[in-house]
Amino acid sequence: MAFIIGIIVSFCVYVSIGIYLFRKVENSEEYYVSGRSGNTLMITGTLVASFLSTVSFMGEAGFSYDGYPILLLILVIFNASGYILGVFLFGRYLRRSKSLTVPEYFGNRFHSKKVRLVAAITTILGLAAYLVAVTQGAAVLLAEVSGVSYSMALLIMWLVYSSFTILSGAKGVMVNDTIMFFLFSIATYLSFPYIIHSAGGFPDAITKAANLAARPDLLSWHGITGPNATMGTPWEALAWAVIMGLVWGAVIAVSPWQSSRYLMAKNEHVAIRSGIWATISIITVYLFLHISISTIPTIKADIAPSEKVFIWAAMNIVPTWLGVIIVSGIMAAALSSCSSFLQLIGSAITRDIMEQSRNKQYTDQQLLRASRISMLLISLIIFFIGLLQPPAVMWIGYFAATLFAASWGPIAFASVFSKKITKVGAFWSIVAGFLGVIIGESLGKLGVVLPVYFNPIIIGLLLSVSALIIGSKFGVITREEREFHARILQQPIETDEEKEMSITRRYPVYLMVSGVMIIITTLIFYYWPTTLAL
Amino acid sequence: MGELIFSFGYGGSLIILGWVTHFFLIKMKRNQKEEQERNTIEKVGM
């Protein structure tokens, strides 16, 4: 009962914020990019909240529980880097463009409606798949906790995230994301000592997990490997983690649900600082979450499906008040991603497809109304797909994310750093990357086993880069493209630039100090207890 | 051995990113100075 009350209260808070901010949204800039008024805390909150979802707290937690916590953390080393490299190599230039959507940036950069359209279509297809996966994960959780049927849980989820997103747009999404960010971060940190205590206390819980007969190599750097395991050999496991880490790093750097957050930042310094705090948050949250999850097999080794491991812990081994925070935190992680995805899909449909294809300029009020209607329709379609398709939280999430790494990665960086890319190259690069991942995944579904270094994402990336190079041999670069490119390369000078810069220059120190603290934490809570197991 | 490398590498990645950020910011500061100098020259020229 306490879990249900906790969830209802949190849902009421999110919807109330949506209703309250509905009246504050006066124009399309506020609806799409929250009036470009986001401060460091809010941009960090929305970056992390829209990234972490049921894929993290259910799919990846299950993967950890199955035997790969450290491998997953190796992956995180590379993906978290995507925030810093992303904001410096793409995000801040995107912000300078003053676009309302990322497809709009691509369209303006290459002075091409076709490029904008194809970027919008990939946004809609990729994010719709991801939205289905995350909504399903949250519905599974809600059904488990509340005892309602899966379809009823899906309906409740749909009602909550679509209501506040449709009403308040980016403004409500940013505020709710920040609240949700705190909620699931607190859930992760507070659950750590309780789970470790239940598993036998420190350091015994971790030593026992490292020695567990049912999961040999659970806490080794490569996890469980061998003929019957998910990973063949330790080196294959490492290759998988590095490749997927780099892919997710690219996703963080260029994907619409991450890079678009910089469009909401008050200035460039806020964008950079937020990228840095997001990196530190992801590294810390993942460390505590996966070390604690890895000790749960010592308490119960047969949780099925393993995706429910953190929920099981919330309901069985931590005090009820903390269980309520954990369950509400996982729901928050799911809702924050759902709302960001829905907001981006709605923006892409209205601003990048409808407005462009009809070749007319909407008034602000027409644009707001059209955005809300398209969000409502797309959320209904997502709801019905979620109802008809079986849930597959981690697989669809990973698939949808890799689509963006392949189709948007090369063109996003080239749009900033190359003067030779033409609209032909840009268009075919997005198409080829997208199709490459789909073809690679389809081969897998047909039973073709590809080696780990020839992952569908690699196929997509190779095709995308080739198309970019070959395609750019055709077409000419217009004056508008040159001017736009020159404009985004020009560094903005803020009114209080000296002060802003002196604050931002402290951030490398924050990163390094956090790094030292993380090393000490990892040595104490991981390395030392595992050496006791030898 | 792999476990020890991981223990240093996980937090160590933040230290490396700290240096990366430091170099990006130095470049930003340099660009900023150039931009301000250019603006001053343009104003004087007017």
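So, here is what we can say about the structure in this document.

Scoring rules and cut-offs
Numbering of residues starts from 1 in each chain and follows the order in which that chain's sequence is written. Chains carry letters and ligands carry numbers; both start at the beginning, A for chains and 1 for ligands, and go up in the order they are written. Reporting of local features is limited, given that this is a predicted model, to residues whose pLDDT is at least 70; pairs of side-chain atoms are given and counted only at 80 or more, and all residues count toward the totals for whole chains, interfaces and linings. Side-chain measures were taken over the full set of non-hydrogen atoms in the model, leaving aside hydrogen atoms and water. Note on definitions: angles span 0 to 180 degrees between N-to-C directions of axes, and those axes are lines fitted to C-alpha atoms, for helices only across the stretch in contact. Labels follow the DSSP assignment, with helices taken as runs of H or I lasting at least four residues and strands as runs of E lasting at least two, numbered in each case from the N terminus. Note on convention: the crossing is left-handed when the near helix lies turned anticlockwise from the far helix by less than a right angle, right-handed when the turn is clockwise. The contact rule is simple, with two residues in contact once any of their heavy atoms fall within 4.5 Å. Side-chain classes follow a simple rule in which Ala, Val, Leu, Ile, Met, Phe, Trp, Tyr, Cys and Pro form the nonpolar group, Asp, Glu, Lys and Arg form the charged group, and the remainder, Gly included, forms the polar group. By definition, the buried area sums, over both parts, the 1.4 Å-probe accessible area that each loses when the two are put together. Definition used for salt bridges: Asp or Glu carboxyl oxygen within 4 Å of a side-chain nitrogen of Lys or Arg. Any N or O atom pair separated by 3.5 Å or less is treated as a polar contact, with the protein-specific requirement of one donor-capable and one acceptor-capable atom, and with residues adjacent in sequence counted only for side-chain atom pairs. By definition, no residue in a patch forms a salt bridge, and every one has over 30% relative accessible area; like charges are joined within 9 Å, nonpolar side chains (Val, Leu, Ile, Met, Phe, Trp, Tyr) within 5 Å. Only the protein chains shown count as cover for residues, and the accessible areas themselves come from Shrake-Rupley with a 1.4 Å probe. Between buried and exposed lies partly exposed: a residue is buried under 20% and exposed over 50% of the maximum accessible area for its type, with that area taken using a 1.4 Å probe on protein chains only. Given the number of residues in a helix, its expected span is that number minus one, multiplied by 1.5 Å. It is the directions from the helix axis to the C-beta atoms that the arc portrays. The term nonpolar core refers to a set of buried residues drawn from Ala, Val, Leu, Ile, Met, Phe, Trp, Tyr and Cys, joined through side-chain atoms within 4.5 Å. Stacked, tilted and edge-to-face are the three classes assigned to paired rings of Phe, Tyr and Trp, where Trp is represented by its six-membered ring and a pair needs centres within 6.5 Å; plane angles under 30 degrees give stacked, over 60 edge-to-face, the rest tilted. Lysine and arginine charges are scored as sitting over a ring when NZ or CZ, respectively, is within 6 Å of the ring centre and within 35 degrees of the ring normal.

Right, let's talk about the packing of helix α8 (residues 150-198) of chain A against helix α12 (residues 268-295) of chain A for a bit. For any two helices packed against each other, one specifies the inter-axial angle together with the distance between the axes. Residue and element names in this part refer to chain A. Two elements in contact, α8 and α12, have axes separated by 9 Å at closest approach and are oriented at 35 degrees. Between α8 and α12 lies a crossing whose hand is left-handed. Contact with α8, carried on its side by F181, S185, T188, Y189, F192, I195 and I196, involves S281, T284, V285, F288, L289, I291, S292 and T295 of α12 and no other residues of that element. Looking at the contact of α8 with α12 residue by residue, the classes come out as nine nonpolar, six polar and no charged.

This part is about the interface of chain A and chain B. Taken together, the contact between chain A and chain B spans 44 residues of the former and 28 residues of the latter. Taking both partners together, chain A and chain B bury about 3300 Å²; carbon and sulfur atoms supply 76% of that area. The largest share of the area that chain A buries against chain B comes from A:Q491, A:M512 and A:I519, three residues that together contribute 17% of it. Summed over the shared surface of chain A and chain B, the number is one salt bridge. The shortest N-O distance in the salt bridge between B:K29 and A:E498 comes to 3.7 Å. Scanning the region where chain A abuts chain B turns up four residue pairs in polar contact (both at pLDDT 80 or more). Mapped by element, the contributors of at least two residues to the side of chain A that touches chain B are α5 (69-96), α12, α20 (497-504) and α21 (507-532) of chain A. Counting residues per element, the side of chain A that touches chain B draws most heavily on α21(A), at twelve residues. Considering only residue class, the side of chain A that touches chain B consists of 29 nonpolar, ten polar and five charged.

Residue and element names in this part refer to chain A. Structurally, S339 can be placed in helix α14 (residues 320-357). A distance of 2.9 Å separates a polar atom in the side chain of S339 from the backbone oxygen of S336. Setting aside chain neighbours within four positions, we find S339 in contact with Y161, F164, T165, V173 and D177.

Right, let's get into the environment of A:R36. All names here are of chain A. Inspection of the secondary structure assignment puts R36 in the loop between α2 (28-33) and α3 (40-51). With 264 residues separating them in the primary sequence, R36 and K300 have C-alpha atoms 48 Å apart. Apart from the residues within four sequence positions on either side, R36 is in contact with E29, K98, S99, L100, L263, M264, A265 and K266. Of the polar contacts made by the side chain of R36, one reaches the backbone oxygen of S99; its length is 3.0 Å.

A word on a nonpolar patch on the surface. All names here are of chain A. On the surface, L41, F182, I186, L190, Y194 and W321 cluster together into a nonpolar patch covering about 540 Å² of accessible area. At four residues, the largest contribution of residues to the nonpolar patch is made by α8. Assessed through its relative accessible area of 39%, F182 is described here as partly exposed.

Residues and elements named next belong to chain A. A rise of 1.5 Å per residue sets the reference length of helix α18 (residues 456-471), with its 16 residues, at 22 Å; its end C-alpha atoms lie 22 Å apart and thus fit the reference within 8%. Listed in full, the buried residues belonging to α18 are P456, I457, I459, G460, S464, A467, L468 and G471. The arc that holds every buried residue of α18, seen down its axis, measures 160 degrees, which confines them to one face. Opposite the packed face of α18, turned more than 90 degrees from it, sit the exposed residues I469 and I470.

Residues and elements named next belong to chain A. All chains considered together, the criterion is met by twelve salt bridges over all chains. When the shortest N-O distance is used, the salt bridge between R92 and E268 registers 3.5 Å. You can see R92 sitting in helix α5 and its partner E268 sitting in helix α12, a full 176 residues away along the chain. Through salt bridges that share partners, E104, R116, R351 and D352 make up one connected network.

This next bit is on the environment of A:I224. Residue and element names in this part refer to chain A. By the secondary structure assignment, I224 is in the loop between α9 (204-210) and α10 (234-254). I224 sits 55 residues away from T279 along the chain, and the two C-alpha atoms are 28 Å apart. Leave out the neighbours within four places in its chain, and I224 touches D66, G67, Y68, R215, P216, D217, L218, A229 and M231.

All names here are of chain A. Put simply, F202 and P203 share a cis peptide bond, and its omega is 5 degrees. With respect to the helices, strands and loops of the structure, P203 is situated in the loop between α8 and α9. Backbone torsion omega between A304 and P305 reads -10 degrees, so that peptide bond is classified as cis. By the secondary structure assignment, P305 is in the loop between α12 and α13 (309-316). Phi is positive for S34, which is not a glycine, with a value near 55 degrees. By the secondary structure assignment, S34 is in the loop between α2 and α3. Not every positive phi belongs to a glycine, and R36 is a case in point at roughly 50 degrees. We classify R36 as buried; its relative accessible area is 11%.

Quick look at the nonpolar core now. Formed by 187 residues in total, the largest nonpolar core has its most connected members in A:F106, A:I296 and B:Y10. Ignoring anything within four residues of it in the chain, the contact list for A:I296 reads A:Y65, A:I195, A:I303, A:V309, A:W312, A:A313 and A:I317.

Turning our attention to the packing of aromatic side chains. Residue and element names in this part refer to chain A. For the structure shown, the criterion picks out 38 aromatic pairs over all chains. On the basis of an interplanar angle of 90 degrees and a centroid distance of 5.4 Å, the ring pair of F404 and W408 is categorised as edge-to-face. Here W408 and F404 lie together in helix α16 (residues 393-417), a separation of four residues that amounts to about one turn. Using a relative accessible area of 1% as the deciding quantity, one classes F404 as buried. For R109, the ring lying beneath its charged end belongs to F110, and the centroid distance is 4.8 Å.

Okay, helix α1 (residues 2-22) of chain A next. Residues and elements named next belong to chain A. The terminal C-alpha atoms of α1, which comprises 21 residues, lie 30 Å apart, in line with the 30 Å expected from a rise of 1.5 Å per residue. The complete set of buried residues in α1 reads F3, G6, I7, S10, F11, Y14, I17, G18 and L21. For α1, the arc enclosing every buried residue in end-on projection is 130 degrees, short of the 170-degree limit, so these residues lie on one face. Structurally, α1 contributes buried residues whose contacts are with α7 (113-146), α8, α13 and α14.

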